[in-house]
Amino acid sequence: MQNIELPFILEQVNVNLGNRSMFEELFTEFTDRDRSIPSNRRPLKGVIIGAGQVGMACAYSMLIQNTLDEMLLVDVNQEKLQGEVMDLLHGVPFIDPTGIRSGTLADSDDPDIVIITAGAKQQPGETRLDLLNRNVQIFKKLIPDIVQYCPHAILLLVTNPVDIMTYVTLKLSGFPCNRVLGSGTVLDTARFRYLLANQLKIDPRSFHAYIIGEHGDSEVPVWSKVNISGMNLCSGGIEDCSEADQDRLQGIFDQVKNAAYEVIKRKGATSYAIGLGVTDIVKAVLRNQNRVLTVSSFIHGINGINDVCLSLPAVVNREGVTRVLDLSLTPNEEKLLQNSATVLKEAIANLDL
Ligand SMILES: NC(=O)c1ccc[n+]([C@@H]2O[C@H](COP(=O)([O-])OP(=O)(O)OC[C@H]3O[C@@H](n4cnc5c(N)ncnc54)[C@H](O)[C@@H]3O)[C@@H](O)[C@H]2O)c1
Ligand SMILES: C[C@H](O)C(=O)O
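No experiment lies behind these values; they were computed from the predicted model shown. (Residues numbered from 1 in each chain as written. Chains lettered and ligands numbered in written order. Predicted model: local features only at pLDDT ≥ 70, side-chain atom pairs only at ≥ 80, totals over all residues. Heavy atoms only, no water.)

Participant: What is the right way to look at unusual backbone geometry in this model?
Facilitator: Excluding glycine, most residues fall at negative phi; most peptide bonds, likewise, are trans. Here the bond from Asn160 into Pro161 is cis, since omega is -5°, no more than 30 degrees from zero. Within the chain, Asp110 stands out as a residue other than glycine whose phi angle is a positive 55°. Along the chain, Asp110 falls in the loop between β3 (99-102) and β4 (113-116). (Helix = DSSP H or I, 4+ residues; strand = E, 2+ residues; numbered from the N terminus.)

Participant: How should I be thinking about the site of ligand 2 in this particular structure?
Facilitator: Around ligand 2, the neighbouring residues are Gln122, Arg128, Asn160, Leu187, Arg191, His215, Ala260 and Thr270. A distance of 2.8 Å separates an oxygen atom of ligand 2 from a polar atom in the side chain of Arg191. Measuring from an oxygen atom of ligand 2, one finds a side-chain N or O atom of His215 at 2.6 Å. In isolation ligand 2 has 220 Å² of accessible area, and contact with the protein removes 91% of it. In this structure, ligand 2 is accommodated by the largest pocket. Here the shell around ligand 2 is composed, by residue class, of 2 nonpolar, 4 polar and 2 charged. (Near = heavy atom within 4 Å. Polar contact = N/O pair within 3.5 Å; in protein donor to acceptor, adjacent residues only side chain to side chain. Areas by Shrake-Rupley, 256 points an atom, 1.4 Å probe, with all protein chains shown as cover. 1 Å grid on protein atoms, 1.4 Å probe; cavity = no way out; pocket = protein on both sides within 12 Å on 5 of 7 lines; lining within 4 Å. Sits in = over half its atoms within 2 Å of the grid points. Nonpolar A, V, L, I, M, F, W, Y, C, P; charged D, E, K, R; others polar.)

Participant: Where do I start with helix α5 (residues 132-149) in this structure?
Facilitator: Every α-helix winds through 3.6 residues per turn, so residues three or four apart in the chain are directed the same way. Taking 1.5 Å as the rise per residue, α5 with 18 residues should run 26 Å; its terminal C-alpha atoms sit 25 Å apart, in good agreement. Every buried residue of α5 is listed here: Leu132, Asn135, Val136, Phe139, Leu142, Ile143 and Ile146. Residues of α5 that are buried in the fold lie against β1 (45-49), β4, β5 (154-157), α6 (162-173) and α10 (331-349). (Expected span 1.5 Å × (residues − 1). Buried < 20%, exposed > 50% of the residue type's maximum accessible area, 1.4 Å probe, protein only. Contact = heavy atoms within 4.5 Å.)

Participant: Could you clarify how one ought to interpret the sheet that holds strand β7 (residues 207-208) in this entry?
Facilitator: By way of backbone hydrogen bonds, the strands of a sheet pair with one another, either parallel or antiparallel. A sheet is described by the order of its strands in space; here 3 strands give the open sequence β7-β10-β11, paired in antiparallel fashion. Because the sheet does not close on itself, it has two edges, and the strands there are β7 and β11 (231-232). (Pairing = 2+ DSSP bridges.)

Participant: Help me understand the site of ligand 1 in this model?
Facilitator: Neighbouring residues of ligand 1: 27 residues in total, closest Val54, Asp75, Ala120, Val158 and Asn160. For ligand 1, an oxygen atom lies 3.4 Å from a polar atom in the side chain of Lys121. His215 is positioned such that a nitrogen or oxygen atom in its side chain is 3.2 Å from an oxygen atom of ligand 1. For ligand 1, the protein covers 86% of the area, taking 870 Å² as the surface of the free molecule. Comparing atom positions with the cavity grids shows ligand 1 to sit within the largest pocket. Looking at the shell around ligand 1, the elements with two or more residues in it are α3 (53-64) and α5. Of the residues that constitute the shell around ligand 1, the class distribution is 13 nonpolar, 12 polar and 2 charged.

Encoded structure:
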């Protein structure tokens, strides 16, 4: 490991510069030993691009869940980046150690995963799709650098509109489809489970419930597959329920769909929940978990949908996305999913890639 942050630390503990080389040696020995990486495996390395609200929530969540051995943070705003990394480093004594550095992509040293959170975020009232042109311009410069410096990495997109940024990254990088995925509706699925669980007084982890399609206004709740211990909430979709229940369920979905608008109106950004969701995805990849997650990935030939990235339940492991599950949707759910794909494809058609 290169101790890029060592000068900061030396300054802060007021070490006599005359002792620097001895200190450097001890520091390297301490961090390598203390991280206790077994000699038969290489360290798990991740890069987070964008040290804003989302990037830092991802970094913090991954740190406290001991997800990576080495974390590099990259941002165009150098001053903020250094401040954020210093703040994280001061917390290292409280956790299982992770090597934390700030730098550029050129410092990335063949990472396993690159998490992209860089770019514009919604202002109150803006949709995710409104960010598209601003973020595509950023990606046209950023993705070639990622390809150059991180040629073997899995790319995890978080920047919005995440499905289209996943598609844009796939096209600009030329990476195989399995290695480019977006956080997609992982967050919406969590919001859905949380709200259902809250109504029914059951732990959200005991729910099978999915939001699919666009991470955005055209997303689709799969009511026909919501179940607890195999017991369906409504086997034929929401239309199957009594009118009173339909209203209640529609109300829950409206809260899911509008959740980001409500949070952004109050605090300017969403961050903690996506930080936890990204950590779940990173762990699924690096620990080869074969988790089924509603990540966004390239869809071709499922439910009549072709050449677009959107979310369906998919198997996530060390290779990235290895299988997309073909849900048997009700005709209405399939129509809504196809509409979501059309919304995304129309936005893609206007891009000059
Ligand atoms: N997919 C999801 O579920 C989800 C959830 C929340 C937010 N988001 C999205 O994540 C993105 C970031 O949101 P935020 O709240 O962190 O915004 P932010 O403004 O706090 O941070 C963005 C950071 O990106 C940096 N940046 C810009 N261009 C860069 C470049 N070329 N290289 C490196 N860094 C660069 C900026 O300096 C800034 O620090 C937004 O697009 C937002 O909509 C997605
Ligand atoms: C803004 C972001 O996409 C969210 O859903 O929280």
